[in-house]
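# Remarks on the overall topology
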Amino acid sequence: MSIAENLARVQANIARAAESAGRDPKEILLVGATKMNDAARVQEAIAAGLRCCGENRVQELLEKNGAGAYAGADLHFIGTLQKNKVKYLVGLVSLIHSVDSEALMREIGRQSEKRGIVQDILLEVNTGGETSKSGFAPAEVAGALEKAASVAGIRVRGLMTIPPICRAPEENIPYFRLLRQLFIDNGEKKYDNIRMDFMSMGMSGDYEAAVACGANIVRVGTAIFGQRNYSA
Ligand SMILES: *Cc1c(COP(=O)(O)O)cnc(C)c1O
């Protein structure tokens, strides 16, 4: 299957999942997880209609950006982010999905203020409570939002999660529902720089289940680009 065919299938699946949930497919943003795909393949996806790319490593993002990989599309950062790399991303990506600590919020704010901009971010939530995963614990989300309210240069736009690896898509539904509940519970807060617009959840194996649970951003790599070759 070509990238264009894969993309069309994923878009059709998202539309079907949205319609079955009584939602407008247009409210769901498909982020193509482009890691380990070179600039030419990313451009192929954009030519086929991909509107937004998500990278998860800063070095790879910068190299591919230099090669024009993302021309014609929006760019998000979706991976674990170290504080010392923040300066390369701020202002270059329109949304950072993976903010998992107060220190990271503050560094993003500091770099944004230097550039006179406001960086949109999502808070990552460790819905599965896995020690191997980053993200705020569900019980920490309200406190993290309160902290974020006092950080200039950032605007929180919602929540993101990467649930535990599951064998069947339905197994992730409890984690998706938990993120949705946190999204609702914390949506009422009236802080100037917090607007709960986005729930980023769902990947190749479970994006339809995520859409059924309310996701309005899904991050899909393999189902568009095929298996990544980690041995190359
Ligand atoms: C790679 C990646 C994805 C997409 O994973 P697939 O299973 O290939 O769809 C989604 N989110 C993040 C944070 C990723 O790093």
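It should be noted that the structure appears before, not after, this text.
Note that the structure is a prediction, hence the values are computed from the model and not measured. (Residues numbered from 1 in each chain as written. Predicted model: local features only at pLDDT ≥ 70, side-chain atom pairs only at ≥ 80, totals over all residues. Heavy atoms only, no water.)

With that settled, the discussion passes to the pairing of strand S1 (residues 29-33). Taking burial as the measure, the five residues of S1 include four buried ones, the bulk of the element. In this sheet, strand S8 (residues 217-220) lies alongside S1 in parallel orientation, the contact comprising four bridges. Bridge assignment links leucine 30 to a residue of S8, and that residue is valine 218. Examined bridge by bridge, S1 and strand S2 (residues 52-55) share two bridges and lie parallel to one another. Along S2, the bridge assignment pairs glycine 32 with cysteine 53. Regarding topology, helix H2 (residues 39-47) serves as the crossover connection from S1 to the parallel S2, and that connection is right-handed. (Buried < 20%, exposed > 50% of the residue type's maximum accessible area, 1.4 Å probe, protein only. Helix = DSSP H or I, 4+ residues; strand = E, 2+ residues; numbered from the N terminus. Pairing = 2+ DSSP bridges. Right-handed = clockwise from strand over helix to strand, strands pointing away.)

What follows covers helix H1 (residues 3-20). With 18 residues, H1 should reach 26 Å at 1.5 Å per residue; the first-to-last C-alpha distance of 26 Å fits that figure. The set of residues buried in H1 consists of Ile3, Asn6, Leu7, Val10, Asn13, Ile14, Ala17 and Ala18. The arc that holds every buried residue of H1, seen down its axis, measures 130°, which confines them to one face. In H1, the exposed positions angled more than 90 degrees off the buried face are occupied by Glu19 and Ser20. On the buried face of H1, the contacting elements are S1, H2, helix H8 (207-212), S8 and helix H9 (222-225). At the C-terminal side of H1, glycine 22 shows a positive phi close to 70°. (Expected span 1.5 Å × (residues − 1). Arc of directions from axis to C-beta. Contact = heavy atoms within 4.5 Å.)

The values are spatial; any link to function lies outside them.
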